[in-house]
Amino acid sequence: MSTASADTTASLDRFSQPDSAGHFGSYGGVYVPETLMTALQDLEKAYLEAKADPEFQAEFQHHLKEFAGRPTELYYAERLTEHCGGAKIYLKREDLLHTGAHKINNAIGQALLARRMGKKRVIAETGAGQHGVATAAVCAKFGLECVVYMGAHDMERQALNVFRMRLMGAEVRGVEAGQKTLKEAINEAMRDWVTNVRSTHYILGTAYGSHPYPMMVRDFHRVIGLEAKEQILAREKRLPDELVACVGGGSNAIGLFFEFLENAEIKMTGVEAGGLGIKRGEHAARFEGGRLGVLQGCKTYILQDGDGQIELTHSVSAGLDYAAVGPEHAFYRERGRIQFAYATDDEVLEAFQLCSRLEGIIPALESTHALVHGIKRAKALAKDKVIIVNLSGRGDKDVQQVAKLLGAQA
Ligand SMILES: *Cc1c(COP(=O)(O)O)cnc(C)c1O
């Protein structure tokens, strides 16, 4: 890292570290049973020590390179750009990482931290299965016992990822409660953690949950933005005009955005899952119709009814199908620094095919939400403008589902 970017990092730290109780403005915090308070405090202490330890950072960088395959390419999507007829579209190719998505950045960081804390057992939750696969991979690599909680409905939708996790030695526990998706899987993981906290580290998979998770997960993904900044400066000799990323919990988005936050002229847009449209129970766009509340340890925007009961959510992509959004996103939205948009299932299916056909790149359905917005913006902007879209993962895991959906439409 050059001195210039180290300076930027220092000033960014002043700009946006959570307060001592883990709040980003009014969002975030720690809302857990008392039995987990100590665990979270120990984790924060261990993480801050690791963060300041050059040896830990060097080891993290080493595994990002040798195991995950960093740096990832910043790819000029020439035919997609021509098709749109406006701004240049660059894709940050997180889909090229080992295990197929950005999730591996955070999984490596937290596995190293678990090892440093002397914890030999790791648990994780997973939605689309990508975080489960990334966690299973790092646990295999570092010789850690691994248990992954996954909603039974998601296990059906993403059967191939279940098989991958088991191949790599993880135990996958299906969760039959409620909607049988990500929220229930997180509940089970928390329950496990409360019981086994001495031996176990919980590798949470997104920039969500109680402090220090949102901050820590963000930090492990900052490499995305650091690389993208260097790469666009090398390619275009200037910074981009806009950044676009999909937002489930918010980790790939904050990973790309963070390094650019202080460049006020750069527009940043997080794209949520519009599902079948913005009607109750048919989407997962928390900033469209969500309200402030507390869910799974965190205060943020949540899709809930008048009594505070969590509403049903829907998205074509399992990885964006969650009723709450990462607290740091809520904070920057309030400050007007990050804008939010949504993409519907239909728009996503169309862009999924367009990107595959024009670029020879099959994007994850999650990432395709960002592409939908990137394409709209490219059409609206002049040819001398530059947009970076975070291609958070590859779409191989989604091909079967898309085939079914397109068959049903035909
Ligand atoms: C999990 C996942 C997401 C959503 O998670 P964030 O924490 O919001 O990034 C997006 N894209 C892919 C490919 C994923 O696997």
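Quantities reported herein were computed from a predicted structural model and do not represent experimental measurements. (Residues numbered from 1 in each chain as written. Predicted model: local features only at pLDDT ≥ 70, side-chain atom pairs only at ≥ 80, totals over all residues. Heavy atoms only, no water.)

Considering the state of the cysteines
Defined simply, a disulfide is a covalent bond joining two cysteines at their sulfur atoms. Counted only if it meets this: Cysteine sulfurs are considered disulfide-paired once they come within 2.5 Å of each other. Partly exposed residues are those whose accessible area sits between 20% and 50% of the maximum for their type, while under 20% is buried and over 50% is exposed, using a 1.4 Å probe and protein chains only.
Throughout the structure, instances matching the rule amount to zero disulfides. Just so you know, cysteine 139 is unpaired, no disulfide at all, and the nearest cysteine sulfur is the one on cysteine 146, 3.9 Å from it. The thiol of cysteine 246 is not disulfide-bonded; the next cysteine sulfur, from cysteine 355, is found 13 Å away. Exposure remark for cysteine 246: the relative accessible area of 2% places this residue in the buried category.

Some details on the sheet that holds strand β10 (residues 267–275)
Which entries qualify depends on this criterion: Whether two strands pair comes down to DSSP finding at least two bridges between them. Secondary structure elements are taken from DSSP: a helix is a run of H or I of four residues or more, a strand is a run of E of two residues or more, and numbering for both begins at the N terminus. Here an angle of 0 to 180 degrees is reported between the N-to-C directions of two axes, which are lines fitted to C-alpha atoms, with helices fitted over the stretch in contact. In what follows, residue pairs with any heavy atoms lying within 4.5 Å of each other are defined as contacts.
Pairing in this open sheet of six strands is mixed, and the strands run β3-β4-β14-β9-β10-β13 from one edge to the other. The open sheet terminates on both sides in strands that have one partner only, identified here as β3 (74–76) and β13 (338–344). Strand after strand, the sheet turns through a mean of 30° between neighbouring axes, direction not considered. Relative to strand β14 (residues 386–391), strand β4 (residues 88–93) is paired through six bridges, and the arrangement is parallel. When the sheet's bridge partners are listed, leucine 91 is paired in β14 with valine 389. Across the sheet, helix α13 (residues 345–359) touches β3, β10 and β13, and the angle it forms with β13 is around 90°.

A closer look at the sheet that holds strand β6 (residues 145–151)
With parallel pairing, the four strands of this open sheet are ordered in space as β7-β6-β5-β8. The sheet terminates laterally at β7 (171–175) and β8 (200–202), the two strands that pair on one side only. Each strand axis lies, on average, 25° off the axis of its neighbour in the sheet, ignoring direction. Pairing of strand β5 (residues 121–126) with β8 involves three bridges; the strand directions are parallel.

Side note on the packing of helix α5 (residues 103–116) against helix α10 (residues 213–236)
Keep this limit in mind: Comment on the angle field: the value is read as roughly parallel under 35 degrees, roughly antiparallel over 145, roughly perpendicular from 65 to 115, and oblique elsewhere. Crossing chirality is assigned from the near helix's rotation relative to the far helix, an anticlockwise turn below a right angle marking it left-handed and a clockwise turn marking it right-handed. The nonpolar class holds Ala, Val, Leu, Ile, Met, Phe, Trp, Tyr, Cys and Pro. Asp, Glu, Lys and Arg form the charged class, and all remaining residues, Gly among them, are polar.
Two elements in contact, α5 and α10, have axes separated by 8 Å at closest approach and are oriented at 120°. Here α10 runs oblique to α5, going by the angle between their axes. When the axes of α5 and α10 are compared, the crossing they make is right-handed. The segment α5 lies against α10, with Lys103, Asn105, Asn106, Gly109, Gln110 and Leu113 engaging Tyr213, Met216, Val217, Phe220, His221, Val223 and Ile224. Residue classes in the contact of α5 with α10 are distributed as seven nonpolar, five polar and one charged.

Thoughts on the site of the ligand
For the record, the criterion: If even one non-hydrogen atom of a residue comes within 4 Å of a molecule or strand, that residue is called near it. Under the rule applied, a polar contact is a pair of N or O atoms within 3.5 Å (in protein, one hydrogen donor and one hydrogen acceptor; residues adjacent in sequence only if both atoms are side-chain atoms). Shrake-Rupley sampling with a 1.4 Å probe provides the accessible areas, and residues are treated as covered by the protein chains on show and by no other component.
Taken together, 19 residues lie around the ligand, and Lys103, Thr206, Gly248, Ser251 and Ser392 are the ones closest in. In this structure, an oxygen atom belonging to the ligand sits 2.7 Å away from a side-chain N or O atom of asparagine 252. Serine 392 is positioned with one of its side-chain polar atoms (N or O) 2.7 Å from a nitrogen atom of the ligand. Taking 380 Å² as the accessible area of the ligand by itself, protein coverage stands at 96%. Looking at the shell around the ligand residue by residue, the class counts come to five nonpolar, twelve polar and two charged.

A look at the confidence of the model for the chain
Heads up, the condition is: The pLDDT score gives, residue by residue, the confidence of the prediction method on a 0 to 100 scale.
Scored by pLDDT, the chain has a mean of 94; 96% of the residues are at 70 or more. Long-range and interchain partners of residues 1–11, a stretch whose pLDDT sits below 50, account for eight contacts in this model, where long-range means more than four residues apart.

Comments concerning the pairing of β13
The element β13 is largely enclosed, with a buried count of five among its seven residues. Sheet topology places β10 next to β13; seven bridges connect them, and they run parallel. Across the sheet, valine 271 pairs through a bridge with alanine 341, a residue of β13.

Here's the deal with unusual backbone geometry
At the junction of arginine 70 and proline 71, the peptide bond is cis and its omega measures out at -5° in the coordinates. Within the element layout of this structure, proline 71 appears in the loop between α3 (54–68) and β3. Of note, the amide linkage connecting histidine 211 to proline 212 takes the cis form, showing an omega dihedral of 10°. Its place among the elements puts proline 212 in the loop between β8 and α10. In this structure, lysine 237 is a non-glycine residue whose phi angle is positive, near 60°. Relative to the assigned elements, lysine 237 resides in the loop between α10 and β9 (242–246).

Looking at the packing of α3 against α5
α5 packs onto α3 with a crossing angle of 135° between their chain directions and a minimal axis gap of 10 Å. The angle between α3 and α5 falls in the class oblique. With respect to the hand of their crossing, α3 and α5 are arranged in right-handed fashion. Residue-level contacts link Phe56, Glu59, Phe60, His63, Leu64, Phe67 and Ala68 of α3 to Ile104, Asn105, Ile108, Gly109, Leu112, Leu113, Arg115 and Arg116 of α5. Looking at the contact of α3 with α5 residue by residue, the class counts come to nine nonpolar, three polar and three charged.

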